[in-house]
Amino acid sequence: MKKLTFTLALLACSALQTQAQNTFEGQFTRPLGEVLDEIATRFNVRLKYDIDTTGLKLPYADSRIRPYSVEESLTNVLSPFDYKFVKQGNALYKLKKYEYPRRTDADGRKLIDYLLTQYNDQVSFEKRRVLLKKEVRERLQIDKYLSLRTGSAPILSKIRKYDGYTVQNFALETLPGLYVCGSIYTPKSKGKHALIICPNGHFGNGRYREDQQQRMATLARMGAICVDYDLFGWGESVYQVSSAGHQTSVAHIVQAMNGISILDYMMTRKDVDTTRVGVNGGSGGGSQTVLLSVLDDRYTASCPVVSLASHFDGGCPCESGMPIMLAGGGTCNAELGALFAPKPMCVVSDGKDWTASTPTLEYPYLQKVYGFYGAADKVTNVHLPKEGHDFGPNKRNAVYDFFAGVFNLDKSKLDESKVTIEPFENLYSFGKKGEKMPENAIRSVNELGKYFGKDAVRAAAADESVLKKSQEIIAALNLTDEKVINLATTAVYNHRRAVRDWHNAHPYTIIPEVDKATGRKLSKVEREMMADKMIPESVHARLLKDLNRVLTPEQVEAVFDQYTVGKVAFTMKGYYAIVPDLTDEEAKVIEGHLKQAREEALECKSMKAISQVFEIYKTKCEQYLNSNGRDWKQLFRDYVNKRKAEKAAQKAKEAKK
Ligand code: ZN
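Residues numbered from 1 in each chain as written. Predicted model: local features only at pLDDT ≥ 70, side-chain atom pairs only at ≥ 80, totals over all residues. Heavy atoms only, no water.

Taken together, the protein donors to the zinc ion comprise His202 (NE2), His246 (NE2), Cys316 (SG) and Cys318 (SG), at separations of 1.9 to 2.3 Å. One way to put it: the 4 donor atoms around the zinc ion meet at angles of 100 to 118 degrees, and that makes the site tetrahedral. In primary-sequence terms, the residues that donate to the zinc ion follow H-x43-H-x69-C-x1-C. Remark: Cys318 occurs in helix α11 (residues 317-320) and His246 occurs in the loop between α8 (238-241) and α9 (249-267); sequence separation between them is 72 residues. (Donors = N, O, S within 2.8 Å, 3.2 Å for Na, K, Ca; no water. Tetrahedral: all angles 85-135°; square planar, octahedral: opposite > 155°, others 65-115°. Helix = DSSP H or I, 4+ residues; strand = E, 2+ residues; numbered from the N terminus.)

We now examine the side chain of His252. Structurally, His252 can be placed in helix α9. A distance of 3.0 Å separates the side chain of His252 from the backbone nitrogen of Met322, its partner in a polar contact. Ignoring any residue separated from it by four or fewer positions in sequence, one finds His252 in contact with Leu140, Leu291, Pro317, Cys318, Glu319, Ser320, Gly321, Met322 and Ile324. (Polar contact = N/O pair within 3.5 Å; in protein donor to acceptor, adjacent residues only side chain to side chain. Contact = heavy atoms within 4.5 Å.)

On to helix α23 (residues 607-627). In this model α23 runs 30 Å from its N-terminal to its C-terminal C-alpha over 21 residues, within 8% of the 30 Å that 1.5 Å per residue would give. Of all the positions in α23, only Ala609, Ile610, Val613, Phe614, Ile616, Tyr617, Cys621, Glu622, Tyr624 and Leu625 are classed as buried. A positive phi of about 90 degrees marks Gly629, the residue just after α23. (Expected span 1.5 Å × (residues − 1). Buried < 20%, exposed > 50% of the residue type's maximum accessible area, 1.4 Å probe, protein only.)

What follows covers the nonpolar core. Counting 83 residues, the largest nonpolar core has Leu195, Met266 and Leu448 as its most contacted members. Per element, the largest residue contribution to this core is 12 residues, and it comes from α9. Setting aside residues no more than four positions away along its own chain, Leu195 makes contact with Ile225, Val227, Leu263, Met266, Met267, Val272, Arg276, Val277, Gly278 and Phe407. By size, the runner-up hydrophobic cluster in this structure holds 34 residues, among which are Tyr165, Val167, Cys198 and Phe403. (Core = buried A, V, L, I, M, F, W, Y, C linked by side-chain atoms within 4.5 Å.)

Next up on the list: helix α10 (residues 284-295). Helix length check: α10, at 12 residues, gives a terminal C-alpha distance of 16 Å against a target of 16 Å (1.5 Å per residue), a fit within 8%. Extensive coverage of α10 is indicated by the burial of 12 of its 12 residues. Turning to α10, its buried residues number three or more, namely Gly284, Gly285, Gly286, Ser287, Gln288, Thr289, Val290, Leu291, Leu292, Ser293, Val294 and Leu295.

A separate point is the environment of Pro101. Mapped onto the elements of the fold, Pro101 is located in the loop between β5 (92-97) and α4 (105-118). Counting along the chain gives 215 residues from Pro101 to Cys316, while the straight-line C-alpha distance between them is 8.9 Å. Setting aside residues no more than four positions away along its own chain, Pro101 makes contact with His311, Phe312, Asp313, Gly314, Gly315 and Ser320.

An order of β6-β7-β8-β10-β9-β11-β12-β13-β14 is seen for the 9 strands of this open sheet, with the pairing classed as mixed. Two strands bound the open sheet, and with one partner strand each, they are β6 (155-162) and β14 (379-384). Ignoring strand direction, the axes of neighbouring strands in this sheet form an average angle of 15 degrees. As judged from the 6 bridges shared by strand β13 (residues 345-350) and β14, these two strands associate in the parallel manner. Residue pairing in the sheet places Asp350 in a bridge with Leu384 of β14. Strands in contact with helix α13 (residues 358-372) are β13 and β14; relative to β14, the strand with the most contacts, it is inclined by about 170 degrees. Packing against the sheet, helix α14 (residues 393-407) makes contact with β9 (193-198), β11 (272-282), β12 (301-305), β13 and β14, and its axis sits at approximately 175 degrees to β12. (Pairing = 2+ DSSP bridges. Axes fitted to C-alpha atoms, helices over the stretch in contact; angles between N-to-C directions.)

Turning to its location among the elements, Asn258 is positioned in helix α9. With residues up to four places along the chain from it excluded, the contact list for Asn258 reads Thr174, Val180 and Tyr229.

This part takes up the packing of aromatic side chains. This structure, assessed with the given rule, holds 18 aromatic pairs. Measuring from ring centre to ring centre gives 5.9 Å for Tyr179 and Phe430, while their planes differ by 85 degrees; the resulting arrangement is edge-to-face. Residue Tyr179 is located in strand β8 (residues 179-187), and its partner Phe430 is located in the loop between α14 and α15 (449-452); the two are separated by 251 residues in the primary sequence. The class for Tyr179 is buried, based on a relative accessible area of 10%. Ring pairs connect the aromatic residues Tyr119, Phe125, Phe372 and Tyr373, which therefore count as one cluster. A cation over an aromatic ring shows up here: Arg102 above the ring of Phe312, its NZ or CZ 4.2 Å from the ring centre. Lys567 extends its terminal NZ or CZ atom over the ring of Phe614, reaching a point 5.9 Å from the ring centre. (Phe/Tyr/Trp six-rings, centres within 6.5 Å; stacked < 30°, edge-to-face > 60°. Lys NZ or Arg CZ within 6 Å of the ring centre and 35° of its normal.)

Next comes the structure, spelled out in structure tokens:
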């Protein structure tokens, strides 16, 4: 009976979802999903969804469709929800959320054209420079946080010696208890050396990856001290703020602060030539290269790689978490880069990412601004039209060439084969598992609330607790391969976050209190279960795909058991107790049902809802036993009586003692 009501209620609920109010009185409203399906059919195009249309309704739906244009129709239908489309093929459109840091190339052109109406010589550009430099600092709130720095000396590791260079790790305390870890690559030769600060991007394995070590060490061999450091919430920073910390506006501030603080420390070293100071990074590291060059006048040469554009600010919170691009009424990385004029700058771009526009758009603009200073030749562009978004050999060669030229480095030492690629742990300051972290080190992103405000870290703290739970779930499997552990943890983390976010956006209240079909009032748990069921199947499918890629079927089951607190085994034990002569065949059927319950419960919001799913399948198990010639009610009564008798006997025994 329970199951029947449930199914009916579900039907009523799905009817509610698609019910049209396609009348004048109902503002000709239709569900958005239905309208998009119709557009796909009508114009014979495929739509890829990176958006959630569940429950969304579009007033005046049909009037927004233009029979002569799929793109105008999509724009009209999507824009009320702040969604957009990106054409991905001849008849393929990807539907996405509005992305504030990303615009089209054409928008970039319009902005550049507009900016060039604002200044046309050195004097007018200087005015703009002063304004932008001031406003970027203000919008980043950097000075407020720089004033909180401890100024404590860095923790330095032993020096490792290699062919023509040495490497030393450091941990520098920026805010009290918050550290940035990195490595200093120093030429072996005596005397003062040029310095290059190298903020990192989001390439896999962070600053530990091979191409990064090659670049640092090669430049050191050529005569420049190079310093790289972890992104906030990457590398050793995960012990402090977890990877969730990176997804905050705080990342934008802290990373800038790290760059400034590391430069402050390096400038005190006797082996640094303070007149030759460079900054260089790729992708997100390129965004930071530009930002650091705006915040810090000590730089004398800058080289942003595969990043600088007029139409993309960098999509990560560490690049666009703080509204710096609103400075001066609206700016972009190309203009912030131009503030470096007339000091030498090399922009490295490629043909397969957003920097494809550099040779025709951003570079001519930079030349124009540098031209105000009679220094058009001081800005160069190495464009690699056949290459993509990476820090490959040709990009590194562009970097070597540029710094060799501006800092007079020894190009005869340019030989990447002489570089020793170190294992990751060599580059750690805090030991393999962070065990050497200083006592005062913060160990949760939540602790940053005291500096940046609770709101700034609330979402990250919630993610951090999901991450910790995910780590616990995978730890219970006793795996040994670090890579497998990481991938499995990420799979669970992504799933649990997707489930949480979906439920937060679709609480049980989206299900009507009264089941329309039966008139019965639904309980909160029933409504929650219905809301649970509406989660897109892709969430479940992705978990299975990600786990099956790295775990055995038994291990995947063990993960599911962790999600459902061992309910399958526990309930099986109950059946064996209640039905002492349970046959293997019966056990198999029952276990099958319970495993189905377990799988269905993976996307449940609460423990109560998980239990409820198991209840439905337990009813199925009991119906099965009855159909197999058993009398479940009687078996259960017998079991309860037996337990009572056992308890009484136990009590009597204890009383005798
Ligand atoms: Zn980032």
